[in-house]
Structures are given as C-alpha cells and as structure tokens.
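Results of the structural survey
Residue strings, one per chain:
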Amino acid sequence: MSLPVFLVDELPAGGHTVLGGAEGRHAATVRRLRVGEELLLSNGSGGMARCTVAESTAGRKRDELLLLIAQRWSVPPPSPRVVVVQALAKGDRGELAVELATEAGADEIVPWRASRCVVRWDDGPRGEKALGRWRDTAREAAKQSRRAWIPSVTEPASTAEIAARISGGAAAMVLDASAEIRVTDADLPAAGDLLVVVGPEGGIAPDELDTLAGAGAQVVRLGPTVLRTSTAAAVTLGALGALTARWR
C-alpha cells in the first residue's frame, strides 16, 4: 500500500519536524495516523521525505504530529514538460478536467477563454473563486496520485495569449476530432514545453483553430471516438507518456 502524501511549504532540514495546520489535522484526525506509521512529505516542487510518526499529540495539540525524518530525495520533472491549455467548461466539468489531467501528469494548466465557452470567468471575485477551485483541485489531485510535483494553474488566457505561448514553446498540439493527423504521428519534442490545447464542448471555432495552427500548433486527433473536454487532456497525457520519455 502506498504511503499518504502531505504537503508542506518547505521540507525540514533536521531529523524531525512537526506537521501542523490543515495537513496535520488531516493526518491526525482524518487519517488517524498513529505512532510508528509512515507518511510522505512533499513540497510540491519535486522534494520528498519519508517520515515516521513519533508522537501523535505533538505540543499537546490534537491536530499535530511529531515526525522523524528517515529519508529525503528529489524527483526530477518529466521531459518534455506538458502544458495543458484547458477551455473553460460549465458545471464541474472544468474541475474534473483539472483533476484528471493532474492525475495523468500535467505539469501546468492554463484556463482558456475560448470563444465558444459557455462559462465566462469575470476578472472580479467570481473569476478569482473559480480559479481558486481549479488550483485547489490540482493540489488535492496531486496528493491523491502521490505526485512529487503539483501543476501550476495560471491566470486565464485569451486565444492570442495561447498563440504567443505556442510560438515560444517546443511544440504544440490542438485536439480536433476531425483532424487528419493522429497523435501517434505528431512531431513530439524530447524536451521543452509541449502544449496540449483542449477546446470547449462545442468545439474550437474555425478562426481560433487557424490562429493556433498559424502560431505553429499541430492539429491532431486521438482516435476514432469523440471525447468530452473533461477527459481529453488525461487521455492525451497517457498517450504522451508512452510516446515520449516521460514514463521512462
């Protein structure tokens, strides 16, 4: 059974540490970890530490654990680095897309304000709240899947901004069910940023598709079926894991 992962801002430098706050509360009162049990600490940026619970009521607080550090190591980021450009989706489908993409290994997630998106994130509090949900989803999905790296979730971007990122990246692919090129035949980089653009439920508008392709993106299809916007990125990441060195 794999060990549970708890996130910290920085890995402890000494031989012991106290896990407190929300993570300590979850470990002590939800997971009910006891003396002698093991867990993993992660800083979300590749740093990991294997720990043993030494005291379950550190500092006489019910939501803290005193941990002994047994081992530290660093996990290098995968290469190429996959940036998922995810169109905004209605309901909880956007958060589901973030959850699945994070579990599948996305290194960065960019919310995309595509023209056919039904959902519109305002620049005010409502937009900030929606972005916060995406970021919380990525954080929790990274913990659940025992990832050493938490994908960053950027501010929402326009089509022009996505095109600029495509021009500056190593490669990019736009998913389109009607494309002639299959993802298995696409030109994939060995390193650098590989952007994967996932459109909204209604598909990518022709003018946006032309803009992204003009910036250098390959328009590709995954297979004979049409996937929803919430699952397309995760399936693509699985294919890229096998087609590149990301899983090696």
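Just so you know, these numbers come straight off a predicted model, no measurement behind them. In this convention, every chain numbers its residues from 1, walking through the sequence in written order. Local features in this predicted model are restricted to residues whose pLDDT is 70 or higher, and side-chain atom pairs enter the listing and the counts only when it is 80 or higher, whereas totals over whole chains, interfaces and linings include all residues. Based on all heavy atoms of the structure, the side-chain values leave hydrogens and waters out of the count.

**So, the side chain of Gln-218**
Put simply, the rule reads: Under the scheme used here, helices are H or I runs from DSSP no shorter than 4 residues and strands are E runs no shorter than 2 residues, and both carry numbers assigned from the N terminus. Pairs of N or O atoms within 3.5 Å make up the polar contacts considered here, provided that, within protein, one atom can donate a hydrogen while the other can accept it, and that residues adjacent in sequence are counted only when both atoms are side-chain atoms.
Its location among the elements puts Gln-218 in strand E12 (residues 218-221). A polar contact is formed between the side chain of Gln-218 and the backbone nitrogen of Asp-187, at a distance of 2.9 Å.

**A few points about helix H1 (residues 21-30)**
For an α-helix, 3.6 residues make a turn, and residues three or four places apart therefore share a direction. Put simply, the rule is: In this scheme, a residue with accessible area under 20% of its type's maximum is buried, one over 50% is exposed, and one in between is partly exposed, where area comes from a 1.4 Å probe on protein chains only. In this description, the arc belongs to the directions extending from the helix axis to the C-beta atoms. The contact rule is simple, with two residues in contact once any of their heavy atoms fall within 4.5 Å.
For H1, every residue scored as buried is listed here: Glu-23, Gly-24, Ala-27 and Ala-28. Projected down its long axis, H1 carries its buried residues within an arc of 115°, all on one side. Across from the buried face of H1, at angles greater than 90 degrees, the exposed residues are Ala-22 and Val-30. Check the buried side of H1 and you find it contacts strand E1 (5-7), strand E2 (16-19), strand E5 (65-74) and helix H3 (125-144).

**Side note on the sheet that holds strand E11 (residues 193-198)**
The following threshold applies: In this scheme, strands are said to pair when DSSP sees at least two bridges between them. Axis lines are fitted to C-alpha atoms, over the contacting stretch for helices. Their N-to-C directions set the angle, which ranges from 0 to 180 degrees.
With respect to topology, seven strands assemble into an open sheet ordered E8-E7-E6-E11-E9-E12-E10, the strand pairing being parallel. Only two strands of the sheet have a single partner each, and these edge strands are strand E8 (152-153) and strand E10 (181-182). Each of strand E6 (81-87), strand E9 (171-175) and E11 touches helix H6 (residues 229-243); the most contacted strand, E6, lies at about 165° to it.

**Quick look at the nonpolar core**
Put simply, the rule is: In plain words, nonpolar cores are sets of buried Ala, Val, Leu, Ile, Met, Phe, Trp, Tyr and Cys residues tied together by side-chain atoms within 4.5 Å.
Core analysis: the biggest nonpolar cluster contains 46 residues, and Trp-112, Ile-162, Ile-166, Val-197 and Leu-212 have the highest contact counts within it. Residues Leu-19, Ala-28, Leu-39 and Ala-49 belong to the second largest nonpolar core, which totals 14 residues.

**Considerations on helix H5 (residues 206-214)**
Buried within H5 are the following residues: Glu-208, Leu-209 and Leu-212. Buried residues of H5, seen end-on, are gathered within an arc of 100° and therefore sit on one face of the element. Exposed side chains of H5 directed beyond 90 degrees from the buried face belong to Pro-206, Asp-207, Asp-210 and Gly-214. In this structure, the buried residues of H5 make contact with strand E7 (108-112), helix H4 (159-168), E9, E11 and E12. Looking at the residues trailing H5, positive phi occurs at Gly-216, about 120°.

**Remarks on the sheet that holds E1**
Strand order in this open sheet of five strands is E1-E3-E4-E5-E2, and the pairing throughout is mixed. Two strands close off the open sheet at either side, each with one partner strand: E1 and E2. For this sheet the average axis-to-axis angle between neighbouring strands, irrespective of direction, equals 40°. In the sheet, E1 pairs with strand E3 (residues 38-42) via three bridges, with the strands oriented parallel. Within E3, the position partnered with Phe-6 by the bridge is Leu-41.

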